[in-house]
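# Understanding the architecture of this molecule
One-letter residues, chain by chain:
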Amino acid sequence: MTDMNRVCIITGGSRGIGAACARLAAKAGYAVCFSYISNPDAASAVVADIEKAGMPAKAIRADVAHEEDILALFDAAAEMGSLKGLINNAGIVAEAQDVADYTRERLEKMVAINLVGAILCAREAVRRMSTKRGGNGGSIVNLSSAAAYLAAPSQYVDYAATKAAIDTFTKGLALEVADEGIRVNAVRPGLIETDIHASGGQPDRVEKLQHLVPMKRGGTADEVARGILWLMSEEASYVTGDSMNITGGR
Ligand code: NAP
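A short tour of the structure in this document, coming up.

Reading the values: the criteria
- Residues numbered from 1 in each chain as written.
- Predicted model: local features only at pLDDT ≥ 70, side-chain atom pairs only at ≥ 80, totals over all residues.
- Heavy atoms only, no water.
- Helix = DSSP H or I, 4+ residues; strand = E, 2+ residues; numbered from the N terminus.
- Buried < 20%, exposed > 50% of the residue type's maximum accessible area, 1.4 Å probe, protein only.
- Contact = heavy atoms within 4.5 Å.
- Polar contact = N/O pair within 3.5 Å; in protein donor to acceptor, adjacent residues only side chain to side chain.
- Axes fitted to C-alpha atoms, helices over the stretch in contact; angles between N-to-C directions.
- Parallel < 35°, antiparallel > 145°, perpendicular 65-115°, else oblique.
- Left-handed = near helix turned anticlockwise from the far one by under 90°.
- Expected span 1.5 Å × (residues − 1).

Locating Ser145 in the fold gives a position in the loop between strand 5 (138–143) and helix 5 (147–150). Judged by its relative accessible area of 7%, Ser145 falls in the buried class. When the C-alpha positions of Ser145 and Arg23 are compared, they lie 21 Å apart, and in sequence the two are 122 residues distant. Not counting residues within four places of it along the chain, the set of residues in contact with Ser145 comprises Tyr159, Lys163, Val187, Arg188 and Pro189. A polar contact is formed between the side chain of Ser145 and the backbone nitrogen of Ala147, at a distance of 2.9 Å.

Structure representation (structure tokens):
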């Protein structure tokens, strides 16, 4: 263990926005501990990239829907150094459906991963980083979405509702820990080119909807990660409780 390491935990760091954050966090000088769930090859590739760049990295199979997995992720991170950051990134969409067709199973999974998991991860980060609890302070960035205000009718209103809840949670937690050395912010990505759309059965979603974006294109995972790492950094030392749009103007 290298005590000098500033550790950043990223949930869902194997692909998409989380993987872009993992690589950028390493460049910013963090040792990176990230979770994945189903794609060990993608996770190993991110670890290899970070190690090649000379920083420590660990990939832990940990489902944010399971509290014991979250605790194992934080334990693994503790072996790497002192926790300074959490990027609460893991999230899912579901098939496009009207609310009238939702099943309870769909809703429970959506809320367990996108909301309960994110809040539990934030709880663990606060327990370790709060200066009132013996920590050294740090920063949390939660992944919201433009869906929080667009509301995603006939797509995934349930997803949108979890992201609106993330915005509210971000504000509330930020105010709660503002004098405990912890800044808490969110980013709201718009249409970003990642696998998440295919996982919801719409692989061509960005191509189909990009005409609705004022900048007339989808964004990249790197463009979102750069905003997240800025919020994590000392450059954003007076920013807390904010949700920042990264949407090409949408
Ligand atoms: P993605 O490409 O589908 O990648 C999801 C990542 O999360 C993968 O690393 C995946 O691991 C991991 N993951 C999935 N379920 C998990 C769970 N239960 N526990 C732990 N890890 C889990 O997603 P993305 O597009 O990068 O999205 C990342 C975040 O940004 C999400 O919160 C999403 O809602 C938000 N967002 C995305 C967009 C967009 O257009 N892409 C827009 C707005 C907001 P495996 O590789 O092992 O499957």
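What follows is about the packing of helix 1 (residues 16–27) against helix 9 (residues 221–232). Taken N-terminus to C-terminus, the directions of helix 1 and helix 9 make an angle of 55°; their axes are 8 Å apart at the nearest point. Between helix 1 and helix 9, the interaxial angle falls into the category oblique. Crossing of helix 1 against helix 9: the hand is right-handed. Only Ala221, Asp222, Val224, Ala225, Arg226, Ile228 and Leu229 of helix 9 make contact with helix 1, whose side of the interface consists of Gly16, Ile17, Ala20, Cys21, Leu24 and Ala25.

Between its terminal C-alpha atoms helix 1 stretches 17 Å, which fits the 16 Å expected from twelve residues at 1.5 Å a residue. For helix 1, the complete set of buried residues consists of Ile17, Gly18, Ala19, Ala20, Cys21, Ala22, Ala25 and Ala26. Where helix 1 ends, the next residue or the one after it, Gly29, has phi of about 100°, a positive value.

With that settled, the discussion passes to the side chain of Asp167. When you line up the elements, Asp167 lands in helix 6 (residues 157–176). Polar contacts involving the side chain of Asp167 include one to the side chain of Ser243, which spans 2.9 Å. Leaving out residues up to four positions away in the same chain, Asp167 has contacts with Ser144, Ala148, Ala186, Arg188 and Ser243.

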